Each structure stands twice: as structure tokens, then as C-alpha cells.
Amino acid sequence: MALRSLLDEMVGVGDAVLLEPLSENHFLENLQLRFQHDEIYTYIGNVVVSTNPYKSLPIYDSEMIERYRGRNLYELPPHIYSVSDLAYRSMKNYGRDQCIMITGESGSGKTEASKLVMKYVAAMSSRSTEVEKIKQQLLQSNPVLEAFGNAKTNRNDNSSRFGKYMDIEFDFKGDPVGGLITNYLLEKSRVVRQAQGERNFHIFYQILCGASPTVLKKLKLDSVEKFSYVSPGDANPDDAKSFNEVLSAFDVIGFTRAEVDSVLVLVAAVLKLGNIKFRSVAAKNGMENYVVDVCEMLSIKSQSLTSALTERTMTAKQDTVTCTLSANEASYNRDALCKEVYDRLFTWLVNRINSSIKVPSQTNKKCKVMGVLDIYGFEVFEHNGFEQFMINYCNEKLQQIFVELTLREEQEEYVKEGIEWLHIDYFNNAIICLIENPHNGVLSMLDEECLRPGDVTDSTLLAKLESVCGKHEHFESRRATKFLADKTLPHDAFRIQHYAGKVTYFVENFIDKNNNSLFRNLSNAAFLSAHPLLGGAKGLFPEGDPSITVLKRSPTSAFQFKASMSALMKNLLLKNPNYIRCIKPNDVKRSSVFSSDLVRHQVRYLGLLENVRVRRAGYAFRQKYEDCVTRYKMLSPNTWPLWHGAAKDGVKHILLNVKISPDQYEYGRSKIFIRNPRTLFKLEEHRAAALHDVATVIQKIWRGFQCWRRYQLMRHAQIVISKNIKKYQNQQKYMRLKAATLVMQCYIRGWKVFALFYKCIFMGNFDLTTISFLYFTKLQNTLPSYSPIEKKWPACKYRFLQAAHPLLRDIFHRWRYRKSLTPQRKVELTEKLHASNLFKGKKSSYPTSLPKKFVGDHVTLSTNQKWQKVGAGGDIIFADEGFKIHRANGKFVSCYVVLTNTSLLLLDEKTVKQKCHVTADDISGISFSPYQDGMMIVHCKPPMDSKKHKGDLILNVAHSIELATKISLLLERQTN
């Protein structure tokens, strides 16, 4: 019930397949009802219809992304995240390359839809540093390409004036590892001319409004009103913010500062070129001072650019002719240069981004691919030219793909699976695509006319189109007999019946825009530029190399675009398609305004109603038998937990057990076909309930395991506790037995003494042995304490022991004192006694050193890691900071003075490296002054070779008395 309510309780119908009754009016009413309640997404099976809300909605945050992660298409309300998740999981789990095709007319929200798809895919991948870097580069390519390729039109404030297809490549974990962007047909004519109410590309306004004064001065730019290529007053406050975002995006992608500066200089140079004016009297002398700025910005010689703009050089065989252009021709030449520079700069930007986001060459494994197509929508203006013709041709090809992969393949799959169904007629636009026919198509005639020698004009092109395509049922011209009276069709235009309706194209500038070539003078001047992007063999104009004498004619725009469209279609046909069909609700770009006529027109040419009918007449859901058994096997006791028979038989057991009506499904050769999504919902409900029961069993087993594990821990703890208790009890029993034994021994010994005493006293049997025993027994019981200051001693009443009694007292007192001394204390007292013998009455500082302990290692050198690495040998007896005094100049040098059980060392305080080494055998004596100082001289024995004798050591040590005492004791031990 929970799954069904998610769709049934929504506004209108979330899946158009469930509309009752199905008609165009009901379809539009459902879209309008949902649009007015901010439900902008609607399903048609697995196709998402998106209506542009023209406002921000709170349905795209991270919480919503998590809500749609890994969910079935029909579990949650329709959303663009749903089709994104379906495509991502199909790619990750099944290894199928995916493509999300976002189509619709200009202003329907295709660009924003592509951003949301990329946002969702980025959120699905891991959060490692390398993956985050790649994701940010992919996402930040959008602001750069939008700034240079988008513009405000009368239909859309952020209209894509180029086509973009991005392939995002993923590794086996589903993490992006790179990507590839392909651009199509930038509307470069917008650089020099815009329609009323429209703007040039965003980047021009962003630089002028967002760049700092320093940057503007560097680019030699002023305000917007001073440039003819940008419309006055079209700038808005968001341009400054967008410019900063573009600069940040450049940094994230990996552009260097020099590359960004070079790009901005070229954009500024295009603006400056547009301000160059010509006079008809003498074009060369009529140019304004803007030439100087442009030449400085592009690093071109002024004479070279001037000649390129105002002259044309033609070469025929070995003859060269130079002619001066008129003012209009020079202006046309200038505009052609600006358009070509901007167009090639945009292509360079795309290639530069690709070099940053491409898959690393060391990645050997084949990557999975998800493509996102964001391309211009169908356009119909009051004045449609060459660009609109190419754009609408592209949309015809995309519609053909949609027809082939969604509608026709839908029917063919039923035939392939042996399913009977009602045939549905649909609009097939394949015949319209005959305009690309290589022999008699519009594109072929256009290229042929451009290559034909002689006088070629737009009028001759129109005449040729009429003669070749005039009889085509989708081609209309005023020169044709049947359209002579059609006053809505101008004489200098032709009309084509597209899948979206009829569009009239004016042939003005068709020839020029298709030629796609510059005068040789301009390409030569650009090639000779010192600008890092413009000039040279690797620059934007490699064909301008003067050393190239034989030049091939540049391919026409129509030829290039046709080839790129063929490559795109081939690429799309290799991938599993996912569709997002975007709809523009009104022409005024306002929220809550729904124009039924406008939406009806889009629904018709997008073929949405035909798609619904195919789903309704056929089956809304299909799945392979193996996948169906895997997902729903818990619904039948025959298939749970494992099914070993044929997958089709397993599906039959499941459907019979769930008791679904046979008219709601059909068995194909390899798939099960379900007619209505409600049937699928029912299966999902039963599955959710079964999973609840399975989860209960798993919980039961897990809890039982936890109880068993807890029992084992408690049993082990009980054994340990029992062992320790028994041990403690036996110990206590042993102590009691021991105490009882001692008591018994005391009583027995006491009884023996009493018996002896009784014998001596009452029986008169006294002897010296008995008296001595009684004396020592009494003395043992009356001994004084072990305190050194205790002077008491028991009296002796036996005369023959009077001489021995004081001797025992002296022995006891000496023994009592020594017993209280620790071995360490004995050593300290020995050293102190030796120091007294050496220095008492001889050294003034001796009394002050008497109460101080001999510490030995005053600097804790034994724990120093550097000392341990040096490994000088021997145990440290003494270590302290001191000074070595040079005999020559009296200079004090700080060092560590160290005495080991073998030698005397002087060490560097920082590195603990040896500076001097004297063995104990080489020390002959030590001299001191009688005063209160630490000066001492260590006399060293001269070696056998007296020439190498370095002399005695003069030291100044704070604990000199301790050092001298320890050296003296060390020498005595070695002597003995």
C-alpha cells in the first residue's frame, strides 16, 4: 500500500500511462494541474517529461538525492534524479554504456536538466581526494562553457548557442575517472550581430562588469556602452558575480594564469576589433586608433593587420594580385575575423578542458561510459537563417533517434518476443531527414553551390534548391507553381515541413556562412602574431603559414556539421538511451503561467502522446525471466530460497502464487511483459512484505547467534572466576595450616625450654652450656631497637660473661648500622669517604659539596638516543656540562665531560660526537687549585712517541670534586 500511495496521492497522475481516458486534452490538463502545484516531472513509462518552472524549487538538495539513491523507478514521485539513478545503476551494475538525451526547444530547461544529472552522478560516487578532484573538474566545465557559449535570447536568459555532448567515463567502482566534451556549431554570428532584445555571449559582459580596474586597464577596456558588439544597457549585476565564478572554474579545471590571461586578451581584442570603422574614400587611412590597441594586444604589427583588413591578395598560378577593399568589404572582413577568432577560441577551450579531464593514459581497463547530451532545441524565429536551419536539422536527427529507439523498437520488441498487440501509427520523420541526402539533399546542394565556379549568390542557391528539391513533399518555395499565391512565403526564402511544424528559412548569407573560410591575408596576419594562442603552427590559424603555397579548400560548415551529426548518431546508437523531454510552459519566462497552445505544439512534435499510446497498447513494463526470478523469488515457496528450474517456470510460480489476473501480463520468449504499472506495484508490495518476513527470520537467527556468543563469553568468564576462587580458597587454607603449624612449633619449643628450665632450677642440674643458652635467650628477647641513636643494652648477671658482654654490644651496634644501609648508599658513602680523604682541609669548596649527593649522570646522557647511536663503549660513571680550556689562548669551549668505566670523554653538546678521548690507563694524575672553583687539570701520560703528545686537559666542571673522586676510585680499581 505504501508504494501505491506514493503515486496515487500525488496531484494529477504521475505516470501518463495511467491516464483515463487517454486524449491530448487530458494529457495537457494533467501537465497543467501538476505544473500549477510545482509537480514539474511526469513519467511516460521510463521517459521523464520536465516542465520548466521558471523558479527555484526545494527538490534538489542532498536529502532528495539520498532519497532516490538505488530506488525503483516507480517507488517515488517522478523526478529527474530517478532516471539519472536508473542510468547510473544500469551502467555500474550491468556494465551497459548509457546516454541521457535531453531534448526540447529553446527555453525548456535542457541546460539546467543536464546540470542536475551531473550533480546526481557526482553525488553517487565515492569521496576520495582524487575522485573529488575529477568530479569538480567535470562540474566546473559548465560555468566556463556557459560563459563563452551561452547568451540571452528573447526566449531564454541562458540559451545554449552551441551543442554539447559529454561522455563521462567511470571505473568498475562507479567512480568518474575522466570525460570528453564534444561541441557542435557555435552560433558565431552572434559575436557581431544580435537580434533586438538579445545579448552577445555572456563572457563579454562578465569581463566588462566583473573584472577589476587593473585587469580592465591591462585589457584596454572601458564600459559596455563604448563597444559596438555589445548592446548598451544589457549588462546586469549578476555578470560581475558570474565572472568570478568563471575565474574560479578556470583554476579548478587546471588552467594556468598565463592561459587565462591569453583567453581574456583575445576576447577583449574581439571587442576592440568591432570598434574599428572604415571610410569609403580610403579604407586604410580611415581606420581609427583602435588598431594600435588591437595590434598591441594581439602582438601583431600594425601594418600587417591594416593590410589584412583593407586588402585582399589573390594568387593564380604564379601571379599575385592585391586589391583594396571597399569600406563595406573591409567591415565584412573585420566581422569575419572576429567571428572566426571567437569560434576557434571556443574550440580551443573545449580541447583544453578535455586535456584536463581526459582519462589518464595509465588506465588500461575499459571504462564504462555515461553520455549527457545538452544540445540546442528546435528554433522558430521571425527571421530564420543558416544557424536555425542547422539547429533544426540536428533536432530532426535526434527525433529520428527517438523514433527508432523508443517507438519503433518498442513495437519490434513485441514482435521479437512473440507478443500480439495493437499496431500504433506514429509520425516517422525519416523522410524529412532526406535533406541530408548526398545527391539531392539541401545540404548537398548548398555545398555544391559553394564549390561551383562562377557567380554564386544566395539567389542561385535558392534556384538550385527549387530545381532539385522542389518536388519533395516537405519542401516549399515561392517559385514553385503550387505556392505562387502563398504570400506568407517570401521570394528569398524556402520552407521545410519539420516534425515540429513548418519553418521558413531566408537564404540571405547562406553561402557566406557555409563557406567557413577567411581571406588569406587575415590568416597570414594571425599566424605571424606573437600571441601564445593566436600565432604559430600550434595556434588558432595554422593554415596561415606563409611557407604553405598549396592550400586545400576548407570544408564547409554544412559538411563539418553533417559529419559531426553522423558521428554523434553513431555514438548514441551504441548506448542504452534514457530520455528527458523538456517542455517550455510559456513564452514570457514567468512562473505559474501555462500556455496550452504552446505546450500542445511541443507535445505533438515531441511525440509524447504516441509514446503513451505505445505504452498503453503494449506493455508498460518488461523484464528478463532471470532478473524477475531473482527479484521476486521470495513471493513463492517453490522459488524460495533458490530456484533451480527454468527461469520462465519460476516466474509462472510467482505470478500464480500472487494471484495476478492473466490478462495483466504476457509471457514472451525471454521476458515477462506486464501491461499496467499497477500490477508492478502489486508485485513490489508483496515483495516488501516478504522481505519483512525474511528480515524477521534473519533477525531471529542473528539474535540467537548473539545470545549463543554471549553464553560462551559468560561460560568462559565463569570458568575463570571459578578457577580464581578455588585458587584463593586453597591459598587461604594453606595460610591457616601454616599459621597453625607455627603455633604448634612455638608451643613445642616453649615446652622444651620450660623442661630445661625446670630441670636446672628444681633439679639443680646447672652447667655452662645451660647457663649460656639461658643468657643468649634472654639477650635475644631484650635486644634494643635498630635505631642508630638507641644506646641501651641489657645488663649481664653472669660473671664469667662480663668480658664478652661489651664485645657483643659493640658487634650489635656496628651490625645494626650496616644492616640499615642499601648497596647504593654504601657506594655513596664510600665515595664520600674517599672525597673526604682527598679534599678535606685542602679545597675551599669541599664543605659546600659535602651535603650534596654524587649523582653521576647530571645530564641524563644514558637515555640520549644520539649517545646510544654513537656507542662510545662502557657504562657512564659521570656526565656533566663543562668547558675545555685551550692552553694556547685560554678560550672556553663548552662540551659534555663524560667518565666511563674505561675512559674520559669530551663530547659535542649538540651532536654528542667525541672531541677528545683519554683512556683510564693514560691518566697519571689530577691537579686542583685550593680555591672555590671548578678548575682541574687531568695529567695524561705521554705516549711512546713524545712528538704526538697533546698535553694535559684543562677543564672547568661544576661538579669537579665528584669527577675527581670517581676518577681516583676508577684508577684504584684498575691498579688493584
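Quick caveat, the model's predicted, so the values are computed rather than measured.

Calculation criteria
- Residues numbered from 1 in each chain as written.
- Predicted model: local features only at pLDDT ≥ 70, side-chain atom pairs only at ≥ 80, totals over all residues.
- Heavy atoms only, no water.
- Helix = DSSP H or I, 4+ residues; strand = E, 2+ residues; numbered from the N terminus.
- Rg over C-alpha atoms; globule rule 2.2 N^0.38 Å.
- Buried < 20%, exposed > 50% of the residue type's maximum accessible area, 1.4 Å probe, protein only.
- Contact = heavy atoms within 4.5 Å.
- Areas by Shrake-Rupley, 256 points an atom, 1.4 Å probe, with all protein chains shown as cover.
- Lys, Arg positive; Asp, Glu negative; His and termini not counted.
- Charge placed at Lys NZ, Arg CZ, Asp CG, Glu CD.
- Domains from an automatic or database assignment.
- Arc of directions from axis to C-beta.
- Axes fitted to C-alpha atoms, helices over the stretch in contact; angles between N-to-C directions.
- Parallel < 35°, antiparallel > 145°, perpendicular 65-115°, else oblique.
- Left-handed = near helix turned anticlockwise from the far one by under 90°.
- Nonpolar A, V, L, I, M, F, W, Y, C, P; charged D, E, K, R; others polar.
- Pairing = 2+ DSSP bridges.
- Salt bridge = Lys/Arg side-chain N within 4 Å of Asp/Glu carboxyl O.
- UniProt positions renumbered as here; feature names shortened; annotations may be inferred.
- Polar contact = N/O pair within 3.5 Å; in protein donor to acceptor, adjacent residues only side chain to side chain.
- pLDDT = per-residue confidence, 0-100.

(A) Seen up close, the overall build of the protein. For the protein, the count of helices and strands is 31 helices and 24 strands. Against the 2.2 N^0.38 benchmark of 30 Å for 976 residues, the protein shows a C-alpha radius of gyration of 51 Å, more extended than a compact globule. Expressed as lengths along the three principal axes of its C-alpha atoms, the size of the protein is roughly 170 × 90 × 50 Å. By the burial criterion, 47% of the 976 residues in the protein qualify as buried. Within the protein, residue pairs in contact and separated by at least 24 positions form 63% of the contacts whose partners lie at least 6 positions apart. When the accessible area of the protein is evaluated, it comes to approximately 50800 Å², of which 55% is carbon and sulfur surface. Side-chain charges of the protein comprise 133 positive and 101 negative groups, with the mean position of each set lying 16 Å from the other.

(B) Looking closely at the environment of Leu373. Following the sequence through the fold, Leu373 ends up in strand β10 (residues 368–374). For Leu373, a relative accessible area of 0% corresponds to the buried category.

(C) Just the domain arrangement of the protein, in detail. Here the domain parsing of the protein yields domain 1 (621–731), domain 2 (766–820) and domain 3 (855–975). Inter-centroid distance (C-alpha atoms) of domain 2 to domain 3 is 50 Å.

(D) View of helix α23 (residues 625–632). Among the residues of α23, Tyr625, Cys628, Val629 and Tyr632 are the ones counted as buried. Buried residues of α23, viewed axially, fall in a sector of 95°; they line one side.

(E) Highlighting the packing of helix α10 (residues 257–274) against helix α12 (residues 290–298). α12 packs onto α10 with a crossing angle of 160° between their chain directions and a minimal axis gap of 9 Å. It follows that α10 is roughly antiparallel to α12 by the angle criterion. The way α10 lies across α12 gives a crossing that is left-handed. Residue-level contacts link Val265, Leu266, Ala268, Ala269, Lys272 and Leu273 of α10 to Tyr290, Asp293, Val294, Met297 and Leu298 of α12. A per-class count over the contact of α10 with α12 returns nine nonpolar, no polar and two charged.

(F) Spotlight on the sheet that holds strand β22 (residues 923–928). The antiparallel open sheet is built from seven strands, whose spatial order is β21-β20-β19-β18-β24-β23-β22. Of all the strands in the sheet, just β21 (914–919) and β22 have a single pairing partner and so form its edges. Strand after strand, the sheet turns through a mean of 30° between neighbouring axes, direction not considered. Where strand β18 (residues 876–885) meets strand β24 (residues 953–957), three bridges bridge the pair, whose relative direction is antiparallel. Bridging from a neighbouring strand, Lys884 pairs with Leu955 of β24.

(G) How the structure looks around the pattern of salt bridges. Here the structure, examined in full by the defined rule, presents 33 salt bridges. Of the charged contacts in the structure, one is a salt bridge between Lys966 and Glu831, with a shortest N-O distance of 3.1 Å. Residue Lys966 is found in helix α31 (residues 960–975), and its partner Glu831 is found in helix α28 (residues 823–839); the two are separated by 135 residues along the sequence. An identical accessibility class is assigned to Lys966 and Glu831; each is buried. A single salt-bridge network, built from bridges that share partners, covers Arg161, Glu187, Arg190 and Glu198.

(H) Examining the UniProt feature "binding site: ATP" (unreviewed entry) in the protein more closely. Under the local residue numbering, the UniProt record ascribes the feature "binding site: ATP" (unreviewed entry) to Gly104, Glu105, Ser106, Gly107, Ser108, Gly109, Lys110 and Thr111. Inspection of the secondary structure assignment puts Gly104 in the loop between β3 (98–103) and α5 (110–124). Given the relative accessible area of 4%, Gly104 is considered buried. Every residue in contact with Gly104, bar those within four places of it in the chain, is listed here: Lys110, Gly377, Phe378, Cys582 and Tyr605. Within the secondary structure layout, Lys110 lies in helix α5. Taking the relative accessible area as the measure of exposure, Lys110 reaches 8% and is therefore buried. A polar contact of 3.4 Å, which involves the side chain of Lys110, links it to the backbone oxygen of Gly104.

(I) Quick peek at the confidence of the model for the protein. With 91% of its residues at a pLDDT of 70 or more, the protein has an overall mean of 84. Note on residues 1–8: pLDDT under 50 across the span, and 13 contacts to partners over four residues away in sequence or across chains.

(J) Layout of the sheet that holds strand β13 (residues 501–506). Taken in spatial order, the three strands line up as β11-β12-β13 in an open sheet, and their pairing is antiparallel. At either margin of the open sheet sits one strand with a lone partner, and together these are β11 (475–477) and β13. Across the sheet, the axes of successive neighbouring strands diverge by a mean angle of 25°, strand direction being ignored. Across six bridges, strand β12 (residues 493–498) lies against β13 in antiparallel orientation. Opposite Arg495, over in β13, you have Thr504 as the bridge partner. Contacts from helix α17 (residues 458–469) reach β11 and β12 within the one sheet, and its direction differs from that of β11 by about 130°.

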